[in-house]
Amino acid sequence: MMSDFVSGFWGIYITVIVVAGFVGLAALLITQSKTSVKPGQQAETMGHVWDGDLQEYNNPLPRWWMMLFYLTLIFGAVYLVLYPGLGTFPGIRGWTSVGQYNEERAQAEAKYLPMFNKYLQMDLKAVAADPQAHEMGQRLFQTYCIQCHGSDARGAKGFPNLVHHDWQYGGDPQTIQTTILGGRHGQMPAWGSVLGEEKVKDVANYVLKIAGKQFDADRASRGETTFKTICASCHGPDGHGNTAVGAPNLTHPSGVWLYGGTEKTIIETITNGRNNQMPAWKDFLGEGKVHLLAAYVWSLSNLPQQPAQ
């Protein structure tokens, strides 16, 4: 259980190990520093011989070398007093990685927040046309978005392409900003157990038909009725989708398809459904950064793009 790892025992355990290791090293240094060879006396061998005549001697370490070891121990002792290292003891400076992060973040916000707020007061399209704002939005995108949407913003399987004009929830600047701020949860229900294998194939071929792809005419004819009875409630009777619920447009022949537009993939989607999550960035980035990011994303499909710096 997680409580086993946050009990007081582990703090004591770590303290004992650190102190024991520290004392052991100090004792080793002290004993070795007492090793000496009197003038005119030869150092004793340790009884180890290699290659016939290569022997190990008990020579004392040079004093300058010993001093370096002692300085290391002193540094370690001072560090353990000032900073965390002895179990739950926080150190007299009270330093924490979280505290340092918050301090650095506060400094960064004090420096950059006025700039973000300036753009926050501007219309998103005006922000998208501003060269400095565009560069800032591009850096934000490269930092937080390319892991899913790719460095060219063309997406990947399960992650939308952001450089075309087909948007599941709408591609106007305000909607893009709403998406980034609050995230999206897209869900396609599984219909395999309801329709059965044959009807799923029929619907898939009808989808291929309205997308302008190769299809089985007989199956598509049968699938049209099922599509308009069940699927049209989300995707619309003509398959053009519904941005209000995030239902994608199914009429693209070249494929703005989130999971792929082959017959096999469409059958898989209808049978098993899909469940996709776009995280919300409001709390992490703040409205100012999201404003710049939304303007940049909108510009990808609406303004000429400059080569990445």
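Before any of the text, the structure's been laid out above.
Read on for a plain summary of the structure. (Residues numbered from 1 in each chain as written. Predicted model: local features only at pLDDT ≥ 70, side-chain atom pairs only at ≥ 80, totals over all residues. Heavy atoms only, no water.)

Time to look at the overall build of the protein chain. The helix and strand tally for the protein chain stands at 12 helices and 4 strands. Relative to the 2.2 N^0.38 estimate, which gives 19 Å for 309 residues, the radius of gyration of the protein chain is 33 Å and therefore markedly larger than a compact globule would have. In terms of principal-axis extent, the alpha carbons of the protein chain reach across some 105 × 55 × 45 Å. Looking at the protein chain residue by residue over its 309 residues, the buried ones come to 30%. Long-range pairs, those at least 24 residues apart, make up 58% of the contacts in the protein chain between residues at least 6 apart in sequence. Here the protein chain has roughly 19,800 Å² of accessible surface; of this, 59% comes from carbon and sulfur atoms. One way to put it: in the protein chain the 23 positive side-chain charges average out to a point 3 Å from where the 25 negative ones average out. (Helix = DSSP H or I, 4+ residues; strand = E, 2+ residues; numbered from the N terminus. Rg over C-alpha atoms; globule rule 2.2 N^0.38 Å. Buried < 20%, exposed > 50% of the residue type's maximum accessible area, 1.4 Å probe, protein only. Contact = heavy atoms within 4.5 Å. Areas by Shrake-Rupley, 256 points an atom, 1.4 Å probe, with all protein chains shown as cover. Lys, Arg positive; Asp, Glu negative; His and termini not counted. Charge placed at Lys NZ, Arg CZ, Asp CG, Glu CD.)

Next up on the list: the packing of helix H9 (residues 197-210) against helix H11 (residues 263-272). Where H9 contacts H11, the axes come no closer than 9 Å and their chain directions differ by 125°. The pairing of H9 with H11 is recorded here as oblique in orientation. In this structure, H9 meets H11 at a crossing whose hand is right-handed. Contacts between H9 and H11 involve Val200, Lys201, Val203, Ala204, Asn205, Val207 and Leu208 from the former and Glu263, Ile266, Ile267, Ile270 and Thr271 from the latter. Residues of the contact of H9 with H11, tallied by class, amount to 8 nonpolar, 2 polar and 2 charged. (Axes fitted to C-alpha atoms, helices over the stretch in contact; angles between N-to-C directions. Parallel < 35°, antiparallel > 145°, perpendicular 65-115°, else oblique. Left-handed = near helix turned anticlockwise from the far one by under 90°. Nonpolar A, V, L, I, M, F, W, Y, C, P; charged D, E, K, R; others polar.)

Further remarks concern the packing of aromatic side chains. With the rule as written, the count across this model stands at 13 aromatic pairs. Note on Tyr144 and Phe284: the rings are 5.7 Å apart at their centroids and 80° apart in plane angle, and the pair reads as edge-to-face. Pair noted here: Tyr144 is in helix H5 (residues 131-144) and Phe284 is in helix H12 (residues 282-300), with a separation of 140 residues, a long-range link. For Phe284, a relative accessible area of 44% translates into the label partly exposed. Chaining the aromatic ring pairs together yields one cluster made of Phe75, Tyr79, Tyr83 and Trp95. The ring of Tyr259 has Arg274 sitting right over it, with the charged end atom 4.1 Å from the ring centre. (Phe/Tyr/Trp six-rings, centres within 6.5 Å; stacked < 30°, edge-to-face > 60°. Lys NZ or Arg CZ within 6 Å of the ring centre and 35° of its normal.)

A few words now on the environment of Asp51. Positionally, Asp51 belongs in the loop between strand S1 (45-50) and strand S2 (54-57). Looking at Asp51, the relative accessible area reads 75%, which means it is exposed. Remark: the alpha-carbon pair of Asp51 and Ile267, spanning 216 residues in sequence, is separated by 73 Å.

Angle between the axes and distance between the axes: these two values describe a pair of packed helices. Relative to each other, helix H3 (residues 97-120) and H12 sit at 35°, their axes nearing to 8 Å. When you trace H3 past H12, the crossing you get is left-handed. Between H3, through Arg105, Phe116, Tyr119 and Leu120, and H12, the contact on the second element is made entirely by Asp283, Phe284, Glu287, Gly288, Lys289, His291 and Leu292. Here the contact of H3 with H12 is built from residues that sort into 5 nonpolar, 2 polar and 4 charged.

Before going further, it helps to spend a moment on the side chain of Asp202. Secondary-structure assignment places Asp202 in helix H9. Of the residues examined, Asp202 reaches a relative accessible area of 7% and is grouped as buried. Separated by 3.3 Å, the side chains of Asp202 and Arg222 make a polar contact. What Asp202 contacts, discounting residues up to four positions off in sequence, is Arg219, Ala220, Arg222 and Gly223. (Polar contact = N/O pair within 3.5 Å; in protein donor to acceptor, adjacent residues only side chain to side chain.)

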